[in-house]
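# Structural overview
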Amino acid sequence: MGHAVAFYVFGILAVALALATILHKNIFKSATFMAGMLFCLAALFITLDAEFLAVVQVLVYIGAITMLIVFAIMLTTRINDETRQKFNSQLWISSLATLGFLSLIISVVLRGGWGGVVTESGSLPPDMLGAIGTALLSDFILAFDVVSILLLVALIGALHIAKQDDRKLYVQESFVDDESSAVKNHVKETEEMHV
Amino acid sequence: MEIFYPYIFMGILLVTWLTSVPVMVLVERKVSGWLQYRVGPTRVGPWGLLQPIADALKFLSKEDVVPHHVNKWLYIFAPALMVFPAFFVIGVIPVGILTLGGKEILVQIGHTNIGILYVLAVSSLVVYSITFSAWASNNKYSLLGGLRSAAQMMSYELPMGLSILGTIMLVGSLRLEDIVNFQMNSAWGIVWQPLGALIFIVTAFAETNRLPFDLAEAEAELVGGYHTEYSSMKFAMFFLGEYCNMLTASVMITLLFLGGWNVPFVQGMNLEPLTQQVIQIAGLALKVVFLMFFFVWVRWTLPRFRYDQLMNFGWKTLIPLALANVVITAIVMAIVS
């Protein structure tokens, strides 16, 4: 009973914070709300007896990914700009896509078939962690490896891009002043074009 | 009666953690005095013993300034967020076993299968407090401190997680009590995992933002770093959080690598179970006190890292070493078994 109440409270809170994330004008606060939303998700996992998932949620999504986003936002200027545009012109297309995705998720959930980890009696195995580890390294080893390689590719790609930017910046700094102001003007113009 | 134990333990542990803060403030000032051939605080009470109380009174009675240029909500929220993980983390830390009413009871608030992961996850939330305070202060020194700290804590979380992997592989469990039991039955973790222990202790300094890793505040360069704009009790909250995290880090080092509540030779002395267990808890406390002293000792011994040194050390030294430790542990385990 207590679990159910907590589940719905955190569920509603998570939805509210998710809405706040996309609707708030200030991008730093959006990131803050996102961290709160992810924390509510972790709480949801706890109410579902998925301790490991909850902790990994906090460790990876809140402790690392959202933190990286916050880090990137702190380095950008114009974050306090209230006139910053929040939505683009693709509102209808994106809502259609979102609704399609939602119906896909609902159909998958309704189909059920959550076999595998859950034992015959419908309860979770006592050694949840061991079960997850064994499943990852036996039945799902291919998916596990593919994801690892994907992450490695992303890592190398990020390094490559970062290194390229480094060189460009170096070139820009070595230009004389009027040259760099021309670059700044160009940046400003392109920004205005996007707005 | 048994259902009340978690609440009793919760009270005792919370009070322990909270009282450790004023004590540590005094110890830090006294020890730093000795290390620098000074006397430290002497004016308030005999031997300066009442200094923490004077400090607390000062913090409470000072004007609480909220500068007009700050982002008010986050500015107020950030110090609270510092204290929240510091107390949240106590929930899974075991400090000993007591025989009460003929039953052996683990002194721990909540029992969980994922003890270490929980501690790592919750203590990683501290960085939010620092970045929020940094950004909300709307001050360049605060922002620089916050940026540094965010990068530092994210970089050092990785080697910290990897350094305990060897211990987890040896024990085969994420429960802190299992890890202590393993050390009781064999040798302390520092014997099994010397490299892991070293890396964990170094990263613990970085995660608690203590010197030589206190680049987030670096008073010589950044005025006060992320808490430059804070005053009175809000400023004190950051201190409270820092010392609580230090205590948690010390307890974790003890549990993982210094045998937890294991006191050598006590098990062979044929004492009554309860006496033995109380001695063991006192042993844990003694180890923790030594580590806290070690934290202060290091602070006044080593100079601060430069920022690039810090990043290079974290990514190019600690992470490869921690990975090597995992691989070596795995190979040795495979050969032995």
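Residues numbered from 1 in each chain as written. Chains lettered and ligands numbered in written order. Predicted model: local features only at pLDDT ≥ 70, side-chain atom pairs only at ≥ 80, totals over all residues. Heavy atoms only, no water.

### Re the overall build of chain A
Per the secondary structure count, chain A includes 7 helices and 0 strands. Secondary structure elements of chain A, listed N to C terminal, follow the sequence α-α-α-α-α-α-α. When each of the 195 residues of chain A is scored for burial, the buried share is 17%. For chain A, long-range pairs separated by at least 24 residues make up 59% of all intrachain contacts whose partners lie at least 6 apart in sequence. Surface summary for chain A: the accessible area is close to 14500 Å², and the carbon and sulfur share equals 72%. (Helix = DSSP H or I, 4+ residues; strand = E, 2+ residues; numbered from the N terminus. Buried < 20%, exposed > 50% of the residue type's maximum accessible area, 1.4 Å probe, protein only. Contact = heavy atoms within 4.5 Å. Areas by Shrake-Rupley, 256 points an atom, 1.4 Å probe, with all protein chains shown as cover.)

### Some thoughts on the overall build of chain B
The number of helices and strands found in chain B is 14 helices and 2 strands. Radius of gyration (C-alpha) of chain B: 21 Å, near the 20 Å computed for a compact globule of 337 residues. Along the first, second and third principal axes, the C-alpha set of chain B runs to 60 × 45 × 45 Å. Going through the 337 residues of chain B one by one, you find that 55% of them count as buried. Considering only contacts within chain B whose residues lie at least 6 apart along the sequence, 79% involve residues at least 24 apart. For chain B, the exposed area adds up to about 15300 Å²; of that, 72% sits on carbon and sulfur atoms. Counting 18 positive and 18 negative side-chain charges, chain B places the averaged centre of each group 8 Å from the other. (Rg over C-alpha atoms; globule rule 2.2 N^0.38 Å. Lys, Arg positive; Asp, Glu negative; His and termini not counted. Charge placed at Lys NZ, Arg CZ, Asp CG, Glu CD.)

### Quick word on the interface of chain A and chain B
Contacts between chain A and chain B engage 25 residues on the former and 25 residues on the latter. Roughly 2300 Å² is buried in total at the junction of chain A and chain B, and carbon and sulfur atoms are behind 80% of that figure. Counting the contacts that link chain A with chain B gives 0 salt bridges. On the surface where chain A and chain B come into contact, there are 4 residue pairs in polar contact (both at pLDDT 80 or more). For the side of chain A that touches chain B, the secondary-structure elements that each account for two or more residues are helix 2 (27-47) and helix 3 (51-75) of chain A. Looking at which element gives the most residues to the side of chain A that touches chain B, the answer is helix 3 of chain A, with 15 residues. In terms of residue class, the side of chain A that touches chain B is made up of 18 nonpolar, 5 polar and 2 charged. (Buried area = accessible area lost by both parts, 1.4 Å probe. Salt bridge = Lys/Arg side-chain N within 4 Å of Asp/Glu carboxyl O. Polar contact = N/O pair within 3.5 Å; in protein donor to acceptor, adjacent residues only side chain to side chain. Nonpolar A, V, L, I, M, F, W, Y, C, P; charged D, E, K, R; others polar.)

### Examining the packing of helix 12 (residues 232-257) of chain B against helix 13 (residues 273-299) of chain B
All names here are of chain B. Taken N-terminus to C-terminus, the directions of helix 12 and helix 13 make an angle of 125 degrees; their axes are 9 Å apart at the nearest point. Classed by the angle they form, the pair helix 12 and helix 13 counts as oblique. Pair helix 12 / helix 13 crosses with right-handed handedness. Side by side, helix 12 and helix 13 meet where Met246, Leu247, Ala249, Ser250, Val251, Ile253, Thr254 and Leu255 of the first sit next to Leu284, Lys287, Val288, Leu291, Met292 and Phe295 of the second. Here the contact of helix 12 with helix 13 is composed, by residue class, of 11 nonpolar, 2 polar and 1 charged. (Axes fitted to C-alpha atoms, helices over the stretch in contact; angles between N-to-C directions. Parallel < 35°, antiparallel > 145°, perpendicular 65-115°, else oblique. Left-handed = near helix turned anticlockwise from the far one by under 90°.)

### Description of the confidence of the model for chain A
Close reading of the predicted structure is inappropriate where its pLDDT is low. Residues and elements named next belong to chain A. Averaged over chain A, the pLDDT score is 78; the fraction of residues at 70 or greater is 71%. Helix 7 (residues 177-194) is the least confidently modelled element of chain A, averaging 52 in pLDDT, while helix 4 (residues 91-111) averages 90, the highest of any element. The low-confidence segment residues 174-179, where pLDDT is below 50, has 0 contacts with residues more than four positions distant or belonging to other chains. (pLDDT = per-residue confidence, 0-100.)

### Examining the packing of helix 2 of chain A against helix 5 (residues 126-137) of chain B
Where helix 2 of chain A contacts helix 5 of chain B, the two axes come as close as 12 Å, and the packing angle between them is 160 degrees. By the angle between their directions, the pair helix 2 of chain A and helix 5 of chain B is classed as roughly antiparallel. Taken as a pair, helix 2 of chain A and helix 5 of chain B cross one another with a handedness that is left-handed. Residue-level contacts link Phe28(A), Thr32(A) and Ala35(A) of helix 2 of chain A to Tyr128(B), Thr131(B), Phe132(B) and Trp135(B) of helix 5 of chain B.

### Structural notes on helix 3 of chain A
Taking 1.5 Å of rise per residue, 25 residues should cover 36 Å, and helix 3 of chain A covers 34 Å from first to last C-alpha, within 8% of that figure. Along helix 3 of chain A, the helix axis deviates most sharply at Met67(A), where the bend reaches about 30 degrees. If you follow the buried residues of helix 3 of chain A, they end up packed against helix 2 of chain A together with helix 4 (115-123), helix 5 and helix 6 (140-163) of chain B. (Expected span 1.5 Å × (residues − 1). Bend = angle between axes of the 7 residues up to and from the residue.)

### Remarks on the packing of aromatic side chains
Residue and element names in this part refer to chain B. This structure, assessed with the given rule, holds 22 aromatic pairs over all chains. With 6.0 Å between their ring centres and 15 degrees between their planes, Tyr5 and Phe9 make a pair best called stacked. Of this pair, Tyr5 and Phe9 are both found in helix 1 (residues 5-35), 4 residues apart, which corresponds to roughly one turn of the helix. With respect to burial, Tyr5 and Phe9 carry one shared label: buried. Pairing Tyr75 with Tyr230 gives two aromatic rings, centres 4.3 Å apart and planes at 10 degrees, and the pair type is stacked. In this pair, Tyr75 is assigned in helix 3 (residues 72-88) and Tyr230 in the loop between helix 11 (219-222) and helix 12, connecting sequence segments 155 residues apart. The exposure classification of Tyr75 matches that of Tyr230, with both residues buried. Put simply, the rings of Phe205, Phe290, Phe293, Phe294, Phe295 and Trp297 pair up and form one aromatic cluster. Over the ring of Trp47 we find Lys30, and its NZ or CZ is 4.6 Å from the ring centre. (Phe/Tyr/Trp six-rings, centres within 6.5 Å; stacked < 30°, edge-to-face > 60°. Lys NZ or Arg CZ within 6 Å of the ring centre and 35° of its normal.)

### Brief notes about the pairing of strand 2 (residues 103-106) of chain B
All names here are of chain B. Pairing analysis gives 4 bridges linking strand 1 (residues 97-100) to strand 2, with the strands arranged antiparallel. Bridge assignment links Leu100 to a residue of strand 2, and that residue is Lys103. Here strand 1 folds back onto strand 2, and the loop between the two strands holds 2 residues, one of which, Gly101, carries a positive phi near 60 degrees. (Pairing = 2+ DSSP bridges.)

### With respect to the nonpolar core
Tyr128(B) and Leu256(B) are the most contacted members of the largest nonpolar core, which has 112 residues in total. Excluding residues within four positions of it along the chain, Leu256(B) makes contact with Ile116(B), Ile164(B), Thr167(B), Leu176(B), Ile179(B), Gln183(B), Gly189(B) and Phe200(B). (Core = buried A, V, L, I, M, F, W, Y, C linked by side-chain atoms within 4.5 Å.)

### Observations concerning helix 14 (residues 307-336) of chain B
Each α-helix turn comprises 3.6 residues. Residues three or four places apart therefore point the same way. Residues and elements named next belong to chain B. When the terminal C-alpha atoms of helix 14 are compared, their 42 Å separation across 30 residues agrees well with the 44 Å that a helix rising 1.5 Å per residue should span. Largest kink in helix 14: about 30 degrees, centred on Phe313. Those residues of helix 14 that fall on the buried side of the exposure criterion are Leu310, Met311, Gly314, Leu318, Ile319, Ala322, Asn325, Val326 and Thr329. Each element contacted by the buried residues of helix 14 is listed here: helix 6, helix 7 (165-171) and helix 10 (194-207).

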